[in-house]
Amino acid sequence: MLSRVLTIAAQEIRIGIRNRWILLATLILAVFSLALALLGSAPAGSLGVDRLTITVASLASLSVYLVPLIALLLAFDAICGEIERGTLLMTFSCPISRPEFLLGKAIGHTLVLTFALVIGYGMTAALLVSTGTGSLAGLADFSRLIATSVLLGVCFLAIGYVLSSLTRQSGTAAAAAIAAWLVLVVLYDLALLGALVANPSGIFASQVFPYAVLLNPADAFRLFNLAALGASDLVGGMAGVSEALPFDPVLALASLVLFAGMALTASAVLIRRITP
Amino acid sequence: MTNSTLTVQSVTKRFKSHIAVDRVSFALRPGERVALLGHNGAGKTTLFKMALGFLKRDEGDIAVMGAAPGSNSARRVTAYLPESVAFPAALTGEEIVRFYARLKGANAGGALELLERVGLEDAARRRVGTYSKGMRQRLGLAQALIGKPKFVLLDEPTTGLDPISRQNVYELIGEVAEQGATVLLSSHALTELEARTDRILILSKGQLVADDELGTLRAQAGLPIRLKVWTKPGAVREVAEQLGAGKMNGTSVELDCGLDDKVRTLSAISALGNLVEDVDVHAPSLDDVYRHFSNTAQKEA
């Protein structure tokens, strides 16, 4: 079983290298994180905070936008694209089970994403450390950021697989993936913010809002990272919430793990019903 | 029946109100090359997908080497080449064959040998994106030959290929069958199947309307041999009268005759001497036989 899963994973990585997907994702993450680190942390010196730590705070917000996008772009084509090309017929006529196939894809895509994050963000960390503006504590924050970004990526990979097994055309799946990104990453926050502004002291603000943040993997990711940094006073915005939370921020991490597990299970159930 | 590679027993498949496959039964023996013919939408691909376990049948039974289609033991002996496959363009031919070899639990080291068998050894390290259509089809065949399968399903393996590539495909099919595998292939290009298959199945609107060797089917159909007699200018009418029948057509006369009448008719034509310039003898081709069975079935329906 393991060898078949790894065969699929290795194939995904090889394709990722060949069509320069990995290179592109790494480049995007590197360029944005370097820009944030070099331009955005200029005032950090006067605050007396580790420059690496404040960069991690900005990168957490960057990850919320970029990682789901990269994950969805990797995943939306995984099943319906193979149906369209006819390769799924051939793969499924081999003695491989469908959950094995999906697991292989997920492992391959996760490794692609991990590589891009480690190299892309790692370049920024290396630059800051080498110029003497980063410390070991900052590196720990950096590692946490990368690890949770991978977890966030897995959540959105799984969303991509669900969309990919619900549609038969990769064009439809691409549209659905973009819609999912827009709703979960942009509109969800706007809606919460709108509701909060409309009634800042009502039952929504105190009872519903914190859990609504927990339910969305993108928000749970940001909540956990900013709370772990204790950087709420530095970055403001959503982070201000973490002190007034009715629960431990680790719950946000648990929510991410749970979401990834549930979405992957859902896609495994859906792929069983597919006629390739 | 127990040693059949594939057994299909009164299998029916419905899609909503439309019946795609209607009470079809047949059995394939080891080493047979069988062609499945049928018009577009006759149920060929549906039948293939049921034999692979991708589609559930509504009625009847299918067994692949005694196992349920789609079960692990069935998939281990089955190889399949779908109608149109687009392999990942960024990978090389060798990488793709190795990938499927690993999935099938076969020795990935044999990839080059397989590519050699389909004549792709020189292109093994080139990206599939640079392959021609014939090369891609041969790559698909190499995939279908991995691990010495016992049951090979090929969905229109020669569509879009040039005559030489087609010939290569049939040579490979012959080799595979000689090693004891059953090959079931579907095709539109009927004439090229003559002498290259042992048995022919004809599907029409989901029903199996013929299942036999080509020679037997030809005799069953009782189709006439068509003779075309080219005459001297102006002698058309005379020749037509002498031969007792026929359609006049400018400078030629066309007439049909039964198989047992063939020699008698030909000698009658040669007795006309220099009135005749040339004769075409057109035996019923597989196309004609196919059309006959398919039309008969439609009239009955």
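About the cut-offs
- Residues numbered from 1 in each chain as written.
- Chains lettered and ligands numbered in written order.
- Predicted model: local features only at pLDDT ≥ 70, side-chain atom pairs only at ≥ 80, totals over all residues.
- Helix = DSSP H or I, 4+ residues; strand = E, 2+ residues; numbered from the N terminus.
- Buried ≥ 20, exposed ≤ 12 C-beta atoms within 10 Å, placed from the backbone.
- Contact = placed C-beta atoms within 7 Å.
- Arc of directions from axis to C-beta.
- Pairing = 2+ DSSP bridges.
- Axes fitted to C-alpha atoms, helices over the stretch in contact; angles between N-to-C directions.
- Domains from an automatic or database assignment.
- UniProt positions renumbered as here; feature names shortened; annotations may be inferred.
- Nonpolar A, V, L, I, M, F, W, Y, C, P; charged D, E, K, R; others polar.
- Parallel < 35°, antiparallel > 145°, perpendicular 65-115°, else oblique.
- Core = buried A, V, L, I, M, F, W, Y, C linked by C-beta atoms within 7 Å.

1. A word on the overall build of chain A
- Scanning chain A for helices and strands turns up 13 helices and 0 strands.
- Listed by position from the N terminus, the elements making up chain A come as α-α-α-α-α-α-α-α-α-α-α-α-α.
- Classification of the 276 residues of chain A by burial places 49% in the buried group.
- Restricting to contacts in chain A with at least 6 residues of sequence separation, those with at least 24 account for 82%.

2. So, helix H8 (residues 236-243) of chain B
All names here are of chain B.
- Among all positions in H8, only Val236, Val239 and Ala240 are buried. Seen from one end, H8 has its buried residues packed into an arc of 100°, which puts them on one side. What points out from H8, more than 90 degrees from its buried face, is the exposed set Arg237 and Glu241.
- On its buried face, H8 sits against strand S10 (225-231), strand S11 (247-249), strand S12 (252-257) and strand S13 (276-282).
- The first or second residue beyond H8 is glycine 244, which carries a positive phi of 80°.

3. Side note on the pairing of S12(B)
Residues and elements named next belong to chain B.
- Of the strand pairs in this sheet, S10 and S12 are connected by 6 bridges, and their pairing is antiparallel. The residue of S12 that forms the bridge with lysine 228 is glutamate 254.
- Where S11 lies against S12, 3 bridges are found, and the strand directions are antiparallel. Looking across to S12, one finds that lysine 247 is bridged to glutamate 254.

4. Concerning the environment of Leu151(A)
Residues and elements named next belong to chain A.
- Within the secondary structure layout, leucine 151 lies in helix H8 (residues 136-166).
- A tally of 20 C-beta atoms within 10 Å means that leucine 151 is categorised as buried.
- For leucine 151 and phenylalanine 259, which are 108 residues apart along the polypeptide, the C-alpha to C-alpha distance reads 9.8 Å.
- Discounting residues that sit within four places of it in the chain, leucine 151 has contacts with Leu256, Val257 and Ala260.

5. Re the sheet that holds strand S4 (residues 59-64) of chain B
All names here are of chain B.
- Spatially, S2-S1-S4 is the arrangement adopted by the 3 strands of the open sheet, whose pairing is antiparallel. Each of the sheet's edge strands pairs with one partner strand only, and the pair in question is strand S2 (18-28) and S4. For this sheet, the mean angle separating the axes of adjacent strands, direction not counted, is 20°.
- Where strand S1 (residues 6-15) lies against S2, 7 bridges are found, and the strand directions are antiparallel. By the bridge assignment, lysine 13 is partnered in S2 with valine 21.

6. Brief notes about the domain arrangement of chain B
- The domain architecture assigned to chain B consists of domain 1 (6-219) and domain 2 (224-283).
- Put simply, the middle of domain 1 of chain B and the middle of domain 2 of chain B, counted by C-alpha atoms, are 43 Å apart.

7. Regarding the UniProt feature "transmembrane region" (unreviewed entry) in chain A
- Here, the residues flagged by UniProt with the feature "transmembrane region" (unreviewed entry) are residues 21-42, 54-80, 101-122, 142-163, 175-198 and 250-271 of chain A.
- The span residues 250-271 of chain A shows a helical share of 100% and a strand share of 0%, and its end C-alpha atoms are spaced 32 Å apart.

8. Quick look at the interface of chain B and chain A
- With 24 residues of chain B at the contact, the number on the chain A side is 21 residues.
- The element best represented in the side of chain B that touches chain A is helix H3 (residues 93-103) of chain B, accounting for 5 residues.
- Classifying every residue of the side of chain B that touches chain A gives 14 nonpolar, 5 polar and 5 charged.

9. Points about the packing of helix H4 (residues 51-75) of chain A against helix H11 (residues 217-229) of chain A
All names here are of chain A.
- The geometry of H4 relative to H11 is characterised by a closest axis approach of 10 Å and an angle of 175° between their N-to-C directions. The pairing of H4 with H11 is recorded here as roughly antiparallel in orientation. When H4 is examined against H11, the residues Thr53, Val56, Ala57, Ala60, Ser61, Val64 and Pro68 are found in contact with a partner set consisting of Ala218, Phe221, Arg222, Asn225, Leu226 and Leu229.
- Along the lines of polarity and charge, the residues of the contact of H4 with H11 split into 9 nonpolar, 3 polar and 1 charged.

10. Overview of the nonpolar core
- Core analysis: the largest hydrophobic core is formed by 154 residues, its most contacted members being Cys155(A), Ala158(A) and Leu256(A).
- Element by element, the count of residues in this core is highest for H8(A), at 15 residues.
- With 7 residues, the next largest nonpolar core counts Leu227(B), Val229(B), Val236(B) and Val253(B) among its residues.

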